[in-house]
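A look at the structure
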Amino acid sequence: MAVAMALTAPSLNFGVRSFTRLSRLSQRLFSTAVIRYQQEFTTLEEKPQFPGASAEYVNTLEFIQPNVISGIPVYRVMDRKGHIVNPNEDPKLGKEMVLKMYQKMTLLNTMDRILYESQRQGRISFYMTNYGEEGTHVGSAAAIEMQDLVFGQYREAGVLMWRGYPLDSFMAQCYGNIDDYAHGKQMPVHYGSLEHNFVTISSPLATQIPQAVGAAYAYKRSDIDRAVICYFGEGAASEGDAHAGFNFAATLECPIIFFCRNNGYAISTPTYEQYRGDGIAARGPGYGIRSIRVDGNDVFAVYNATKEARRHAVSENQPMLVEAMTYRIGHHSTSDDSSAYRSVDEVSYWDKQDHPISRLHNFMINQGWWDDAQEKAWRKQSRKMVIETFERAERKLKPSPKLIFTDVYDTAPPSLQKQEEQLKKHVERYAEHYPFDKFERF
Ligand SMILES: Cc1ncc(C[n+]2csc(CCOP(=O)(O)OP(=O)(O)O)c2C)c(N)n1
């Protein structure tokens, strides 16, 4: 009915061509959304007919005010003492699941401490800790399915940890040893795993956002009930690629969860220099994306929000946006000294008063599921596990230098093969100038 009127309305000659184009597009997207949104031309006098928006006229001049004083509320499930605030929102996860969450969060924290120290001693070249953001990783990872595809930024090691990525693999990547599947080609913390459906991290910020949308579109086309989750920081959300990704996801109706970790800083840049709107969640509705803001230090709130976002994304083929509010307790990376731009008191507040690990710890104590003796034993055991894998990784050789020529293309072109031969000759001649005792043979 609406379409027929669009074609016949005499003063609104959009032409048959644009209609057929729209119709073809809608078929390709397996959806009738384009036609559904077409306006009815029954009130030509009363209602604006512009194709760009569906709205009423107003007769007084008024600019829309951004609402940044009292922003989108922060959804939480438990308070800082680990008490469930509203029983209706309790995900009732059960002891085994909650213990697993706690162990993954604390194991990540232990691994961070040891690898951070290892970098300080020059044993690895670089590291980034996840301090304070463990709840965002584990809560969201637990809420999606293992076959869902993950695109990350670099501060989401807890997602891999949840998925069972072995400690040996974390270490192999950071050391760039022979067990690293990328043959030591990338900087530490640039993890990836085909087996764990975790797309390899790369340094340029936000490039993964439109890529993740493309993957979600492919899932939709193959009609398998899978979602994509794409993580990024609030700083990365200022990149042009974030805009591209959000808009493509909405217009192409893709089953994707955009998961923003809003930790207050992008290196030394505080959020008040990053944006002037109401964080990242407030941008979602502007793209037509359902959005929520959650307490990222509350693992249950993150779990509930991500679970519902996934359900909706897959069943309705719609993107969803979760903004998890948290705080980056650690330095940005081992190349950063954050005391140059923020106070020790500020950091200490989050570390001591509002930490995702202590909050879940309080919850487990309240339930009678955990006690001091268990805490002590687990700390000892997890530390031992990490140190053992760390020592194993350190003893392993680095990959053969010839691997720097592989995977540039699927098959190496003659020019690259020639360079490889040249390097081989060079290192044979000058072998004593290279640390070849630490590498597999050329
Ligand atoms: C395109 C691009 N610009 C700049 C950088 C340098 N850089 C690396 S991390 C970072 C800050 C990112 O902050 P945020 O997205 O908030 O994530 P967080 O580090 O807080 O987890 C910047 C500017 C980069 N890697 N890529």
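Up top is the structure.
Conventions and cut-offs
- Residues numbered from 1 in each chain as written.
- Predicted model: local features only at pLDDT ≥ 70, side-chain atom pairs only at ≥ 80, totals over all residues.
- Heavy atoms only, no water.
- Helix = DSSP H or I, 4+ residues; strand = E, 2+ residues; numbered from the N terminus.
- Buried < 20%, exposed > 50% of the residue type's maximum accessible area, 1.4 Å probe, protein only.
- Contact = heavy atoms within 4.5 Å.
- Salt bridge = Lys/Arg side-chain N within 4 Å of Asp/Glu carboxyl O.
- Phe/Tyr/Trp six-rings, centres within 6.5 Å; stacked < 30°, edge-to-face > 60°.
- Lys NZ or Arg CZ within 6 Å of the ring centre and 35° of its normal.
- Axes fitted to C-alpha atoms, helices over the stretch in contact; angles between N-to-C directions.
- Parallel < 35°, antiparallel > 145°, perpendicular 65-115°, else oblique.
- Left-handed = near helix turned anticlockwise from the far one by under 90°.
- Nonpolar A, V, L, I, M, F, W, Y, C, P; charged D, E, K, R; others polar.
- Core = buried A, V, L, I, M, F, W, Y, C linked by side-chain atoms within 4.5 Å.

Next up on the list: the overall build of the protein chain. For the protein chain, the count of helices and strands is 15 helices and eight strands. Split into buried and exposed, the 442 residues of the protein chain put 46% on the buried side. Partitioning the intrachain contacts of the protein chain with sequence separation of at least 6 by distance along the chain shows that 73% fall at a separation of at least 24.

By the secondary structure assignment, Asp354 is in the loop between helix H12 (344–353) and helix H13 (356–367). Ignoring anything within four residues of it in the chain, the contact list for Asp354 reads Arg80, Asn297, Tyr349 and Arg359.

Here we come to the pattern of salt bridges. Going through the model one piece at a time under the given rule, you end up with 19 salt bridges. Here Arg392 makes a salt bridge to Asp168, at a shortest N to O gap of 3.2 Å. Remark: Asp168 occurs in helix H7 (residues 167–175) and Arg392 occurs in helix H14 (residues 372–395); sequence separation between them is 224 residues. The class for Arg392 is partly exposed, based on a relative accessible area of 34%. The exposure class assigned to Asp168 is partly exposed, which follows from its relative accessible area of 34%. Salt-bridge contacts for Arg359 lead to Asp295; the nearest nitrogen and oxygen are separated by 3.0 Å. Separated by 64 residues along the polypeptide, Arg359 in helix H13 and Asp295 in strand E7 (residues 290–295) bring together distant segments of the chain. Both residues of the pair, Arg359 and Asp295, count as buried. Several salt bridges converge on common partners, so that one network encompasses Arg80, Asp295, Asp354 and Arg359.

Below, the discussion takes up the packing of aromatic side chains. Throughout the structure, instances matching the rule amount to 17 aromatic pairs. Here a set of aromatic residues connected by ring pairs shows up, and it is made of Tyr265, Tyr327, Tyr341, Tyr349 and Trp350. The ring of Trp162 has Lys100 sitting right over it, with the charged end atom 4.1 Å from the ring centre. The ring of Tyr265 has Arg342 lying over it, and the distance from NZ or CZ to the ring centre is 5.3 Å.

Contact geometry for helix H4 (residues 95–120) and helix H11 (residues 299–316): axes closest at 12 Å, N-to-C directions at 110°. Taken together, the axes of H4 and H11 are roughly perpendicular relative to one another. Considering how the two elements wind past one another, H4 and H11 form a crossing that is right-handed. Residue-level contacts link Met97, Val98, Met101 and Met105 of H4 to Val299, Phe300 and Tyr303 of H11. Across the contact of H4 with H11, the residue classes tally to seven nonpolar, no polar and no charged.

One finds Met101, Met111, Tyr127, Phe170, Tyr191, Phe300 and Leu360 to be the most contacted residues of the largest nonpolar core, which totals 72 residues. It is H4 that contributes the most residues to this core, 11 residues altogether. Aside from chain neighbours lying at most four places away, what touches Tyr127 is Met111, Asp112, Leu115, Tyr116, Gln119, Cys174, Val189, Tyr191, Ser333 and Thr334. Counting 27 residues, the second largest nonpolar core, distinct from the first, contains Ala215, Cys230, Ile280 and Ile289.

So, to be careful, I would describe these as geometric facts and stop short of saying anything about function.
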